[in-house]
Amino acid sequence: MSEIPSILYRARDLHLFVVSRFIATIAIQVQSVAIGWQIYDMERTPLALGLVGLCQFLPMFLLTLPAGDITDRFNQRIVYCLAASLQALCSILFLGLSLFLPHAVLLFYVVLVLFGAARGFAGPSGSSLLPFLVPPEKLPRSISINVSAFNAAVIAGPALGGFLYAFGPVAVYSICVAGFAAAALIVVRLGGRRFKPEQTLATRFERVAEGIRFVKSRPVIIGAISLDLFAVLLGGATALLPIYARDILHVGPDGLGLLRSAPAAGAFFMGALLARWPIKNGIGPKMFAAVAVFGLAIIVFGISTSFYLSLLMLFVLGAADLISVNVRQALIQISTPDTMRGRVSAVSQLFIGASNELGEFESGITAALMGTVPAVVMGGIGTLLVVAGWMKLFPALRRVNSFSDVSI
């Protein structure tokens, strides 16, 4: 990469990429508010809301690895553009259903499956694109900027969705169509390095398996990905926030909204700091320290009966998680060759999706078995044990001092 003329890298490409991802994330958040409200209004059962997540997760789970292979075989800009266009089509279908078949809940679920498939392709193609837009020495800082924009969208998106829904679902889905279409148009016009697919006679299954073997053969990559998987799996306290808001902190729905926003606010704050002062040395130890702080914050949150202390711990939790995310993404991108970026990003996306979904499920099961507070506290302790175990299992990750140590 050092032999490539720097003139290929344009500052505007990073900004346009971040804007594209921000717009797409806002559209996803806004649409999720509308879908949740409409389906619950039709069915009036929590199971209906659970099916909203399941309909999106299953196709994402099934298609993410094949999508990573397709990303490595074709231009990732085009793959992402097509995925965003499919998301726009789903918004058009939701718009049509809202106008002509507003009570056909089964059709809404069918479109959600299609939308989940689109997200399965958008994840690997979008995640693998950033290293082609900036020089390698600027990649960690660029990841911080991108993650900060993502968290800003996660904070603002639900509130914007609630505001727009006051004008009806037609207004919401029209905005989403425009958002996804704009994201697609921006990405297809980006500059930077162009990806040259590897010439191979391997089958699709063999290529997917090759991506998995590559991740397993790199202790730094598999260590970073699996650390996040088990830390989030055990520390999924945010799934139990409604119980804390109503029964422990007694703050009502407004307080619940603040509690839900606190982790994203902490992540946004830390992302802004890392964009200004990126981590340059002590990479491995700082990543482990951040996950340990994440676990400690969960423990304090679990035993807290003060709303403001709980809010602070969720803020700290989000900030610590952002450090881990930033380091993990930079390690993965810097230590992955261009020909493997799509498949490695797909494996990472699969781990992240599994940790989030299964983490919420695990929190609900353990809370039902042992009580909410013990479940959260045990989850935090489990996270600390994972940190200690992973430091022994993956010494190569623990010893990483700078990103140049893992560069290809």
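What comes next is a walk through the structure. What you see is a predicted model, and the numbers here were worked out from it, not measured in a lab.

1. Thoughts on the overall build of the chain
Per the secondary structure count, the chain includes 15 helices and zero strands. Pairs at least 24 residues apart make up 86% of the contacts formed inside the chain by residues separated by at least 6 positions. Of the roughly 18300 Å² of accessible surface on the chain, 70% is carried by carbon and sulfur atoms.

2. A closer look at the environment of Ile-225
Take Ile-225: it is sitting in helix 8 (residues 219-234). If near-sequence neighbours (up to four positions away) are discounted, Ile-225 is found in contact with Val-215, Arg-328, Ile-332, Ser-348 and Phe-351.

3. Side note on the packing of helix 1 (residues 11-43) against helix 4 (residues 105-127)
It is at 12 Å that the axes of helix 1 and helix 4 come closest, and there the two elements cross at 160 degrees. Compared by their axis directions, helix 1 and helix 4 come out roughly antiparallel. Between helix 1 and helix 4 the crossing geometry is left-handed. Residue-level contacts link Phe-17, Arg-21, Ile-28, Gln-31, Ile-35, Gln-38, Ile-39, Met-42 and Glu-43 of helix 1 to Val-105, Phe-108, Tyr-109, Leu-112, Phe-115, Arg-119, Ala-122, Gly-126 and Ser-127 of helix 4.

4. Observations regarding a nonpolar patch on the surface
Together, Leu-99, Phe-100, Leu-101, Leu-106, Leu-107, Val-110 and Val-170 give the surface a local cluster of nonpolar side chains, amounting to about 680 Å² of exposed area. Ranked by residue count, the leading element in the nonpolar patch is helix 4, at three residues. Following the sequence through the fold, Val-110 ends up in helix 4. Of the residues examined, Val-110 reaches a relative accessible area of 47% and is grouped as partly exposed.

5. Brief notes about the packing of helix 3 (residues 76-100) against helix 6 (residues 169-188)
Between helix 3 and helix 6, the shortest axis-to-axis distance is 8 Å and the interhelical angle comes to 170 degrees. Between helix 3 and helix 6, the angle is such that the two are roughly antiparallel. Seen along the crossing, helix 3 lies across helix 6 with a hand that is left-handed. Taken together, the residues of the contact of helix 3 with helix 6 break down into 19 nonpolar, five polar and one charged.

6. Re the side chain of Ser-91
Checked against the element boundaries, Ser-91 lands in helix 3. Leave out the neighbours within four places in its chain, and Ser-91 touches Gln-31, Tyr-173, Cys-176, Val-177 and Phe-180.

7. Section: the environment of Arg-276
Following the sequence through the fold, Arg-276 ends up in helix 10 (residues 252-276). Residue classification places Arg-276 among the exposed residues on the basis of a relative accessible area of 54%. When the C-alpha atoms of Arg-276 and Ser-144 are compared, they prove to be 8.9 Å apart, with 132 residues separating the residues in sequence.

8. Brief notes about the packing of aromatic side chains
The tally for this structure, following the rule as stated, stands at seven aromatic pairs. Where Phe-94 meets Phe-108, the ring centres are 5.9 Å apart and the plane angle is 20 degrees; that geometry is what we call stacked. Placement of Phe-94 in helix 3 and of Phe-108 in helix 4 is noted, with a sequence separation of 14 residues between them. Classification of Phe-94 by relative accessible area gives buried; the value is 0%. Members of the aromatic cluster, each reached through a chain of ring pairs, are Phe-94, Phe-108 and Tyr-173.

9. Regarding the side chain of Asp-13
Inspection of the secondary structure assignment puts Asp-13 in helix 1. Owing to a relative accessible area of 0%, Asp-13 belongs among the buried residues under this scheme. Non-local contacts of Asp-13, meaning those with residues more than four positions away in its chain, are made with Leu-133, Leu-190, Gly-191 and Gly-192.

Definitions and cut-offs
- Residues numbered from 1 in each chain as written.
- Predicted model: local features only at pLDDT ≥ 70, side-chain atom pairs only at ≥ 80, totals over all residues.
- Heavy atoms only, no water.
- Helix = DSSP H or I, 4+ residues; strand = E, 2+ residues; numbered from the N terminus.
- Contact = heavy atoms within 4.5 Å.
- Areas by Shrake-Rupley, 256 points an atom, 1.4 Å probe, with all protein chains shown as cover.
- Axes fitted to C-alpha atoms, helices over the stretch in contact; angles between N-to-C directions.
- Parallel < 35°, antiparallel > 145°, perpendicular 65-115°, else oblique.
- Left-handed = near helix turned anticlockwise from the far one by under 90°.
- Patch = residues over 30% accessible without salt bridge, like charges linked within 9 Å, V, L, I, M, F, W, Y side chains within 5 Å.
- Salt bridge = Lys/Arg side-chain N within 4 Å of Asp/Glu carboxyl O.
- Buried < 20%, exposed > 50% of the residue type's maximum accessible area, 1.4 Å probe, protein only.
- Nonpolar A, V, L, I, M, F, W, Y, C, P; charged D, E, K, R; others polar.
- Phe/Tyr/Trp six-rings, centres within 6.5 Å; stacked < 30°, edge-to-face > 60°.

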